Amino acid sequence: MLALGESMLTLYRDAGAPHAFAWDVCGAESNTARYCAALGLKSGWISRLGTGMAGSLVHDEVAGSGVDTSLVEFCDGAPTGMMLRDSPERAQRVDYYRRGSAASGMSPEAVPVEACLETRALHLTGITPALSDGCRRLVETLLLEPSDALRSFDLNWRPALWPDGPPRQLFLDLANRADIVFVGLDEASAVWGLGEPQAVRSALPGPRIVVVKDAANGAYAFSGATAHFEPALRGPIVGPRGAGDAFAAGFLSGYLTHPEDLKRCQRLGHVVAMSAMVSELDVGPLPEKAEIDAMLDLSTDDWRSLTYPHPPGSPAVDG
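Residues numbered from 1 in each chain as written. Predicted model: local features only at pLDDT ≥ 70, side-chain atom pairs only at ≥ 80, totals over all residues. Heavy atoms only, no water.

What about the overall build of the protein chain?
Along the backbone of the protein chain there are eleven helices and 14 strands. Its C-alpha atoms give the protein chain a radius of gyration of 19 Å, near enough to 20 Å, the size a compact globule of 319 residues would have. In terms of principal-axis extent, the alpha carbons of the protein chain reach across some 55 × 50 × 35 Å. The proportion of buried residues among the 319 residues of the protein chain is 55%. In the protein chain, the proportion of contacts linking residues at least 24 apart, taken out of those at least 6 apart, comes to 67%. The positive charge centre, built from 26 side chains, and the negative charge centre, built from 40, are 2 Å apart in the protein chain. (Helix = DSSP H or I, 4+ residues; strand = E, 2+ residues; numbered from the N terminus. Rg over C-alpha atoms; globule rule 2.2 N^0.38 Å. Buried < 20%, exposed > 50% of the residue type's maximum accessible area, 1.4 Å probe, protein only. Contact = heavy atoms within 4.5 Å. Lys, Arg positive; Asp, Glu negative; His and termini not counted. Charge placed at Lys NZ, Arg CZ, Asp CG, Glu CD.)

Here you go:
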């Protein structure tokens, strides 16, 4: 699978040394690619980075996760985006420095469209169209061009990127061109005024699969008009950053290997999402494959009573 989008260097307050900062890499699409690679999929990431140290750090972190970065372009004269994140004790304030970034220069003319579509699956988000007119045209092109690639689209509504309010029709058009769509129920309410999962599916008749995430309650997966609900896992929450990207990675990995088993896809999405929420970083460590498989095979009752990260058969204590 390939994922296309901007990633930034993140500086955040180190919990172990409150007057010091540590660094990480954040980016919805590269998060998804990194998790897919950790799950054993051949994964790649497409973007543009500056030639400075920040670009090198971002590239090496993503590539070090087993992601193919051969389609990443380094650009002179444009910086890599950066983000400053404060600690939870300070209300988790976030400041972005991404205007004019190298990634905002992506467009159908600057990115090899054909190469992007020579894959089993291409993952896109609603973040990229906000970066520039060229980025918006690129996402539209990648969803419109004829291709055998499975195309997934995660709404990823970010109000700070859209100061004039949500582009309701643009998001509807983009989502309806995709094969698989991921959207949070809270996002659907904010962007389209839709508060029920079935209403979201009715507004998105185009995709083969529509996944509506209902926060800590669980997720609905619509195939046609039929919906399957799978409850989320319980567990200790360190930070919710990257959980949606992680869920998308788990679901896509499940779908590419077991397209007939949506319950398994949803469960894998929940497992991977929890690995993000129990970590301070955007991409957290996954359980061993045998532990993941055991969780996916649990009965309905055992799944509902499971507390992550305890594997089946071990003591589970609510966090």
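Looking at the nonpolar core
Met1, Ile180, Phe182, Val211, Phe251, Tyr255 and Val271 are the most contacted members of the largest nonpolar core, which has 51 residues in total. When contributions to this core are tallied by element, the ones reaching two or more residues are α1 (28-38), α2 (53-64), β11 (180-184), β12 (209-214), β13 (218-223), α8 (243-257), α9 (262-277) and α10 (289-296). Excluding residues within four positions of it along the chain, Tyr255 makes contact with Leu150, Ile180, Arg208, Ile209, Leu262 and Cys265. (Core = buried A, V, L, I, M, F, W, Y, C linked by side-chain atoms within 4.5 Å.)

Some details on the side chain of Arg267
Position of Arg267 among the secondary structure elements: in helix α9. Here Arg267 falls in the buried class, since its relative accessible area comes to 1%. Only 2.7 Å separates the side chain of Arg267 from the backbone oxygen of Leu298, close enough to count as a polar contact. (Polar contact = N/O pair within 3.5 Å; in protein donor to acceptor, adjacent residues only side chain to side chain.)

Things to note about the packing of aromatic side chains
Geometrically, a pair of aromatic rings is defined through the distance of the ring centres and the angle of the planes. Taken as a whole and assessed by the stated rule, the structure comprises seven aromatic pairs. Ring geometry for Trp162 versus Phe171: centroids 5.6 Å apart, planes at 75°, classification edge-to-face. With 4.7 Å between their ring centres and 50° between their planes, Tyr220 and Phe229 make a pair best called tilted. Grouped by ring-pair contacts, the aromatic residues Phe182, Phe247, Phe251 and Tyr255 constitute a single cluster. (Phe/Tyr/Trp six-rings, centres within 6.5 Å; stacked < 30°, edge-to-face > 60°.)

Digging into the sheet that holds β13
Across a sheet, paired strands are connected by hydrogen bonds in the backbone, their directions being either parallel or antiparallel. Strand order in the open sheet formed by eight strands is β4-β1-β9-β10-β11-β12-β13-β14, with mixed pairing between adjacent strands. One side of each edge strand has no neighbouring strand; the edge strands of this open sheet are β4 (44-46) and β14 (226-231). Each adjacent strand pair in this sheet contributes to an overall mean axis angle of 20°, direction not counted. Examined bridge by bridge, β13 and β14 share six bridges and lie antiparallel to one another. Note that in β14 the partner of Phe222 across the bridge is Ala227. Across the sheet, α8 touches β9 (121-125), β10 (150-154), β11, β12 and β13, and the angle it forms with β11 is around 150°. (Pairing = 2+ DSSP bridges. Axes fitted to C-alpha atoms, helices over the stretch in contact; angles between N-to-C directions.)

Focus on the packing of α1 against α8
A pair of packed helices can be characterised by two numbers: the angle between their axes and the separation between those axes. Put simply, α1 and α8 touch, their axes get as near as 8 Å, and they point 45° apart. Taken together, the axes of α1 and α8 are oblique relative to one another. The element α1 and its partner α8 pack so that their crossing is right-handed. Across the interface between the two elements, Ala28, Asn31, Thr32, Tyr35 and Cys36 of α1 pack against Asp245, Ala246, Ala248, Ala249, Leu252 and Ser253 of α8. For the contact of α1 with α8, the per-class residue count stands at seven nonpolar, three polar and one charged. (Parallel < 35°, antiparallel > 145°, perpendicular 65-115°, else oblique. Left-handed = near helix turned anticlockwise from the far one by under 90°. Nonpolar A, V, L, I, M, F, W, Y, C, P; charged D, E, K, R; others polar.)

Re the confidence of the model for the protein chain
When pLDDT is low, close inspection of the predicted coordinates is not appropriate. On average, residues of the protein chain carry a pLDDT of 92, and 94% of them reach 70 or more. Confidence drops under a pLDDT of 50 for residues 315-319, and excluding neighbours within four residues, the segment shows eight contacts in the predicted structure. (pLDDT = per-residue confidence, 0-100.)

Considering the pairing of strand β2 (residues 8-14)
Counting buried residues along β2, five of its seven residues qualify, which places the element largely inside the surrounding structure. Pairing geometry for β2 and strand β7 (residues 82-85), over four bridges, is parallel. The residue of β7 that forms the bridge with Leu9 is Met82.

Considerations on unusual backbone geometry
One non-glycine residue, Asn156, lies in positive phi territory at about 45°. Taking the relative accessible area as the measure of exposure, Asn156 reaches 5% and is therefore buried. Positive phi outside glycine occurs at Ala215, with the angle close to 45°. With respect to the helices and strands, Ala215 occurs in the loop between β12 and β13.

Considering helix α6 (residues 185-192)
Within the span of α6, buried status applies to Leu185, Glu187, Ala188, Val191 and Trp192. The arc that holds every buried residue of α6, seen down its axis, measures 155°, which confines them to one face. Contacts made by the buried residues of α6 are with α5 (168-177), β11, α7 (197-203) and β12. Directly after α6, the chain includes Gly193, whose backbone phi takes a positive value near 70°. (Arc of directions from axis to C-beta.)

Quick word on the pattern of salt bridges
Counting across every chain of the model gives twelve salt bridges. One salt bridge in this structure joins Glu61 and Arg34, with 3.3 Å as the shortest N-O distance. Placement of Glu61 in helix α2 and of Arg34 in helix α1 is noted, with a sequence separation of 27 residues between them. The exposure class of Glu61 is partly exposed, given its relative accessible area of 28%. (Salt bridge = Lys/Arg side-chain N within 4 Å of Asp/Glu carboxyl O.)

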